[in-house]
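Descriptive structure summary
As a plain string of letters, each chain reads:
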Protein chains: 2
Amino acid sequence: MSKVLVIGAGGVGSVAVHKMAMNPDIFSHITLASRRIVSCEKVAESVKKLVGVDIDVAQVDADNIEETIALIQKVQPKLVVNLALPYQDLAIMDACLATKTDYLDTANYEPRDTAKFEYSWQWAYQERFKEAGIMALLGSGFDPGVTSVFASYIKKHLLDTIDTLDILDCNGGDHGQHFATNFNPEINIREVTAPSRHWLNGEWVEGPALSHKQVFDFDQVGEKNMYLMYHEELESLATHYPEIKRIRFWMTFGDAYLKHLEVLQNVGMTRIDPVIYNGQEIIPLQFLKAVLPEPSSLGSTTKGKTNIGDIATGQKDGQEKTVYIYQVCDHEDAYAETGNQAVSYTTGVPAMIGAAMMLTGAWKGEGVFNIEQFDPDPFMDMLNKHGLPWQVKELDAPLAF
Amino acid sequence: MSKVLVIGAGGVGSVAVHKMAMNPDIFSHITLASRRIVSCEKVAESVKKLVGVDIDVAQVDADNIEETIALIQKVQPKLVVNLALPYQDLAIMDACLATKTDYLDTANYEPRDTAKFEYSWQWAYQERFKEAGIMALLGSGFDPGVTSVFASYIKKHLLDTIDTLDILDCNGGDHGQHFATNFNPEINIREVTAPSRHWLNGEWVEGPALSHKQVFDFDQVGEKNMYLMYHEELESLATHYPEIKRIRFWMTFGDAYLKHLEVLQNVGMTRIDPVIYNGQEIIPLQFLKAVLPEPSSLGSTTKGKTNIGDIATGQKDGQEKTVYIYQVCDHEDAYAETGNQAVSYTTGVPAMIGAAMMLTGAWKGEGVFNIEQFDPDPFMDMLNKHGLPWQVKELDAPLAF
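Residues numbered from 1 in each chain as written. Chains lettered and ligands numbered in written order. Predicted model: local features only at pLDDT ≥ 70, side-chain atom pairs only at ≥ 80, totals over all residues. Heavy atoms only, no water.

An unreviewed UniProt entry lists chain A under the name Saccharopine dehydrogenase family protein, from Sphingobium yanoikuyae.

Spelled out as structure tokens, the structure:
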């Protein structure tokens, strides 16, 4: 029986809170806070309607550490679940330190003014969290999150050593719009337009964004073009599994998506430095976000499935072996259950499960942790029970590319 | 020896003022006014440097009729040359009425909030201009402008009757940018994204924007894709030459330009209705203008030529005959002469010539006139002498499409 404070009332926050409300034995009291209280109230209404549970709502500017501290002191949660913007991670971690409250998030910190994804800023809190006797669990979404738990599961149960690991993220959904992003367009476009990077023999190998394409046949989705990208779990997996020689991340994009992205880049609409408009500074990417469809508005029209998983090749009992763990999530089913499509669902459910791991004591520690540092079994078990069932396949051979 | 007041210090205003300064016998005193006086000062500097003539500059908000009246009263020009935004035509015409000053422009009025190009608003000034004893010359740029003078020249010298008229506007220039417009992006994109419309047997025929493509081999440019569009001179030509059964306007666009335009439309960046950004209303197309390259910045890098002309088929001495009058303008030559590329040059020179027609009395009248209502010969003569030489060809057959 624990109180939890969730900050961030977008699609992921909405899913996480719905799923927490479905597990009142673990989450006895939920407070949802956001910059716009009306967003929290909408989620609260939906939770009441779909799950029959009352939650509290609060207004907070998560950039403002003092405001967040005051809210934590008022709510007295056992855990703060940060589902706000990645820019706000450090401010919320500071508030947790000040109040000695455990912390969980789903995406690593990035500064507003450079599209740079790395754990250094958050790992730098290691000693302070340890000294405060509190725990931070970083990256408890799907990717990062489930994909790293899959890696730990492979290491624990399927392979003695992992030589190569490929994370394949496929969204086979169709939202019926010319162009839209499945989550915050600003964060999505910053990520997609960053140079590709993968881990190879102890070093990072960089390449131009979206320049290395492979075709892959995804179960229940079909053949899709996927592109080599950088994604933040590569950094933590390379750190915590030094035995892995090559770690890569792939994401599928349709030709139309890429065409739109190319043009928006060409004309400067994805810039994150300000331009002067009518005498004021406006960041083009943030204005673009205001013009594009709200990701939350896509839920009701999105059809199709996501398929995200890990392919690992390594040694088992002295033999080379390749295994594939993946999870398929249906957009329409996710929407029916929580009012959000699968991209929010596959991130929000693992946030709830990570929170459950911490609140039940299944996972504990003092300091800052990535998700692959813990026993995967109780987490994998909850995935199966709470809407994200996964499958294991043995492949005949390693990936040919 | 006449005083002229030019309003608008963009590329077209810059060219017109340079060319006026080169003809001090007609333009004895030039005042250039604009919302941003610094733009006027830049033009004045360039005119001093390239032509050795001093001009006056002034600040005016052309949306504000009282301000414009005060400026006209101070400058006491014989003619106001309006090279500002088309939204401002009516306000400037009102100021001319109030001060009984002749008026000239290059583009018809359009309201800010609907992309609608028609002469009705300006033709409605007919009686008032007549009563005031002043003259308005509408559309004295290249198209509209020269293309209508070409039609009058054809009617006067080459054909007894015109059956069909096609205006072909080709810009074979390359500015070296991913995407940019050759004049004000806001005005350009409003025009290009409007439905196509052409005149056929006394009626307007509408079609979707950019849906009817033809390939045409332009002299000194080569083969280009050109698209059926609406353009404002179609309306005045249909009115003043009721004998013409079909009048069409074609403009060339490259595939990359169209791809960029399609995406910008898809994502909503060409919308002219406001979106809410950070609590304030911003019109996406106007913000896009702030992100795209300033058309004036393209002058120094643009290479290639424009080729704009009229193809007319009709009867001459009882025989069917097809003639083609066109003008080829080189971007680099235009830039060397005036610091502006050919798109500004081909509009600014005819503005100067139209002004010369009025100031010298070659063209006179009381009321509101379109350019094809006057004798083409003195205008055609000045085109040859002032940088826009034209050619006449007889074609073997009418256009095959």
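Let's pick the thread back up.
Okay, the overall build of chain A next. A tally of helices and strands in chain A yields 14 helices and 18 strands. The C-alpha radius of gyration of chain A comes to 20 Å, within 12% of the 21 Å expected for a compact globule of 401 residues. Summarising its shape, the C-alpha atoms of chain A cover approximately 55 × 55 × 40 Å along the three principal directions. Within chain A, buried positions represent 59% of all 401 residues. Of the contacts made within chain A by residues no fewer than 6 positions apart, 73% connect residues no fewer than 24 positions apart. For chain A, the exposed area adds up to about 15,300 Å²; of that, 47% sits on carbon and sulfur atoms. Here chain A holds 33 positive side-chain charges and 54 negative ones, and the gap between their average locations is 3 Å. (Helix = DSSP H or I, 4+ residues; strand = E, 2+ residues; numbered from the N terminus. Rg over C-alpha atoms; globule rule 2.2 N^0.38 Å. Buried < 20%, exposed > 50% of the residue type's maximum accessible area, 1.4 Å probe, protein only. Contact = heavy atoms within 4.5 Å. Areas by Shrake-Rupley, 256 points an atom, 1.4 Å probe, with all protein chains shown as cover. Lys, Arg positive; Asp, Glu negative; His and termini not counted. Charge placed at Lys NZ, Arg CZ, Asp CG, Glu CD.)

The subject of this paragraph is the sheet that holds strand β2 (residues 27-34) of chain B. Residues and elements named next belong to chain B. With parallel pairing, seven strands are arranged side by side in an open sheet as β3-β2-β1-β4-β5-β6-β17. The open sheet is flanked by β3 (56-59) and β17 (367-370), the only strands paired with a single partner. On average, each strand axis in the sheet is tilted by 20 degrees relative to the strand beside it, whichever way the strands run. Direction of pairing for strand β6 (residues 135-138) relative to β17: parallel, over a ladder of four bridges. Residue pairing for β17: methionine 135 is matched across the bridge by glycine 367. Here helix α3 (residues 65-75) sits on the sheet in contact with β1 (2-7), β2, β3 and β4 (79-82), set at roughly 155 degrees to β1. (Pairing = 2+ DSSP bridges. Axes fitted to C-alpha atoms, helices over the stretch in contact; angles between N-to-C directions.)

Mapped onto this structure's residue numbering, the UniProt feature "domain: Saccharopine dehydrogenase NADP binding" (unreviewed entry) falls at residues 4-137 of chain A. Strand forms 20% of residues 4-137 of chain A and helix 44%; the C-alpha atoms that close the span are 14 Å apart. (UniProt positions renumbered as here; feature names shortened; annotations may be inferred.)

With 24 residues of chain B at the interface, the matching set in chain A holds 24 residues. Overall, the association of chain B and chain A removes approximately 2,200 Å² of surface from exposure, summing both partners, and the carbon and sulfur fraction of that is 71%. Looking at the side of chain B facing chain A, the largest losses of area belong to B:Val267, B:Tyr277 and B:Phe287, adding up to 29% of the total buried there. Inspection of the region where chain B meets chain A yields two salt bridges. (Buried area = accessible area lost by both parts, 1.4 Å probe. Salt bridge = Lys/Arg side-chain N within 4 Å of Asp/Glu carboxyl O.)

So, about the nonpolar core. Among the nonpolar cores identified, the biggest contains 192 residues, and A:Phe27, A:Met269, A:Phe287, B:Phe27, B:Met269 and B:Phe287 are the most heavily contacted of them. When sequence neighbours within four positions are dropped, the list of residues in contact with B:Phe287 reads A:Met269, A:Val275, A:Tyr277, A:Ile282, A:Pro284, A:Phe287, B:Met269 and B:Ile282. (Core = buried A, V, L, I, M, F, W, Y, C linked by side-chain atoms within 4.5 Å.)

Further remarks concern the domain arrangement of chain A. Residues and elements named next belong to chain A. Entries for chain A in the domain assignment read domain 1 (2-138) and domain 2 (146-340 + 390-395). At the junction of the two partners, domain 1 supplies 25 residues and domain 2 supplies 18 residues. Regarding the contact of domain 1 and domain 2, the summed buried area is about 1,600 Å², with carbon and sulfur atoms giving 53% of it. Among the residues domain 1 hides against domain 2, the three largest losses belong to Phe117, Tyr119 and Trp123. Together they make up 34% of the total. At the boundary of domain 1 and domain 2, one finds two salt bridges. Among the salt bridges present, the one from glutamate 337 reaches lysine 19, with a minimum N-O distance of 2.5 Å. Between the two partners, domain 1 and domain 2, sit eight residue pairs in polar contact (both at pLDDT 80 or more). At the level of secondary structure, the elements contributing two or more residues to the side of domain 1 that touches domain 2 comprise α1 (11-21), α2 (37-51) and α5 (120-123). (Domains from an automatic or database assignment. Polar contact = N/O pair within 3.5 Å; in protein donor to acceptor, adjacent residues only side chain to side chain.)

As a further point, take the relation of the copies chain B and chain A. For the pair chain B and chain A, the superposition axis carries a translation of 0.1 Å, the fit reaches an RMSD of 0.0 Å, and the rotation angle comes to 180 degrees. In short, the pair behaves as if placed about a two-fold rotation axis. Measuring from the rotation axis to each C-alpha of chain B, the shortest distance belongs to B:Val263, at 3.4 Å. Same-surface contact between copies: 100% of interface residues of chain B are shared with the interface of chain A. (Least-squares fit on C-alpha atoms with pLDDT ≥ 70 in both.)

With that out of the way, let us pick up the confidence of the model for chain A. On average, residues of chain A score 95 in pLDDT, and 100% of them reach the 70 mark or higher. For this predicted complex, the interface confidence reaches an ipTM of 0.74, while the overall pTM sits at 0.78. (pLDDT = per-residue confidence, 0-100.)

All names here are of chain B. Close contact between helix α1 (residues 11-21) and helix α13 (residues 342-360) brings their axes to 7 Å; oriented N to C, the two are set at 50 degrees. What the angle tells us is that α1 and α13 run oblique. Classified by chirality, the crossing of α13 by α1 is right-handed. Across the interface between the two elements, Gly11, Val12, Val15, Ala16, Lys19 and Met20 from α1 touch Ser344, Tyr345, Thr347, Gly348, Val349, Ala351, Met352 and Ala355 from α13. (Parallel < 35°, antiparallel > 145°, perpendicular 65-115°, else oblique. Left-handed = near helix turned anticlockwise from the far one by under 90°.)

Here the focus is helix α10 (residues 255-266) of chain A. Here α10(A) contains 12 residues, and its C-alpha end-to-end distance of 16 Å stays within 8% of the 16 Å for a straight helix at 1.5 Å per residue. Taken as a whole, α10(A) has its buried residues at A:Tyr257, A:Leu258, A:His260, A:Leu261, A:Val263 and A:Leu264. Of the surrounding elements, those touching the buried residues of α10(A) are α8 (185-192), β11 (222-229) and α11 (284-291) of chain A together with α10 (255-266) of chain B. Positioned one or two residues after α10(A), A:Gly268 has a phi angle of 95 degrees, which is positive. (Expected span 1.5 Å × (residues − 1).)

On to the sheet that holds strand β6 (residues 135-138) of chain A, then. Residue and element names in this part refer to chain A. Pairing within the open sheet is parallel, and its seven strands lie in the order β3-β2-β1-β4-β5-β6-β17. Edge positions in the open sheet fall to β3 (56-59) and β17 (367-370), since each of these has one partner strand only. Each adjacent strand pair in this sheet contributes to an overall mean axis angle of 20 degrees, direction not counted. Against the sheet, α1 engages β1 (2-7), β2 (27-34) and β4 (79-82), with an angle of about 165 degrees to β2. Its contacts with the sheet place helix α4 (residues 89-99) against β1, β4, β5 (102-105), β6 and β17, and it is angled at close to 165 degrees to β5.

Okay, the pattern of salt bridges next. Residues and elements named next belong to chain B. Per the stated rule, a full pass over the model turns up 32 salt bridges over all chains. Close ionic contact of lysine 156 with aspartate 377 constitutes a salt bridge, the shortest N to O distance being 2.6 Å. Of the two residues, lysine 156 sits in helix α7 (residues 146-158) while aspartate 377 sits in helix α14 (residues 376-385), which places them 221 residues apart along the sequence. Relative accessible area serves as the criterion here: at 26%, aspartate 377 is assigned to the partly exposed category. Close ionic contact of lysine 316 with aspartate 160 constitutes a salt bridge, the shortest N to O distance being 3.7 Å.

Residues and elements named next belong to chain A. Sheet topology note: the β4/β5 ladder contains four bridges and is parallel. Paired with asparagine 82 across the two strands is aspartate 105, which belongs to β5. As a crossover connection, the stretch from β4 through α4 into β5 is right-handed. (Right-handed = clockwise from strand over helix to strand, strands pointing away.)

Take the environment of B:Asn182 next. Residue and element names in this part refer to chain B. Locating asparagine 182 in the fold gives a position in the loop between β7 (161-171) and α8 (185-192). Taking the C-alpha atoms as reference, asparagine 182 lies 9.9 Å from threonine 302; in sequence the two are 120 residues apart. Every residue in contact with asparagine 182, bar those within four places of it in the chain, is listed here: Asn171, His175, Pro295, Gln341 and Val343.

All names here are of chain A. One pass over the structure, following the stated rule, counts 37 aromatic pairs over all chains. When the ring of tyrosine 109 is compared with that of tryptophan 121, the centres are 5.3 Å apart and the planes differ by 80 degrees; the resulting orientation is edge-to-face. Linking tyrosine 109 in the loop between β5 and α5 with tryptophan 121 in helix α5, this pair joins segments that are 12 residues apart in sequence. Overall, the relative accessible area of 14% leaves tyrosine 109 in the buried class. Judged by its relative accessible area of 27%, tryptophan 121 falls in the partly exposed class. (Phe/Tyr/Trp six-rings, centres within 6.5 Å; stacked < 30°, edge-to-face > 60°.)

Turning our attention to unusual backbone geometry. Here the amide bond leading from A:Asp143 into A:Pro144 is cis, since omega sits at 10 degrees, within 30 degrees of zero. With respect to the helices and strands, the residue A:Pro144 is situated in the loop between β6 and α7 (146-158). At A:Gln76, a residue that is not glycine, the phi angle is positive and equals roughly 55 degrees. Mapped onto the elements of the fold, A:Gln76 is located in the loop between α3 (65-75) and β4. Assessed through its relative accessible area of 55%, A:Gln76 is described here as exposed. Unlike most non-glycine residues, B:Gln220 shows phi in positive territory, near 65 degrees. By secondary structure assignment, the location of B:Gln220 is in the loop between β10 (213-218) and β11 (222-229).

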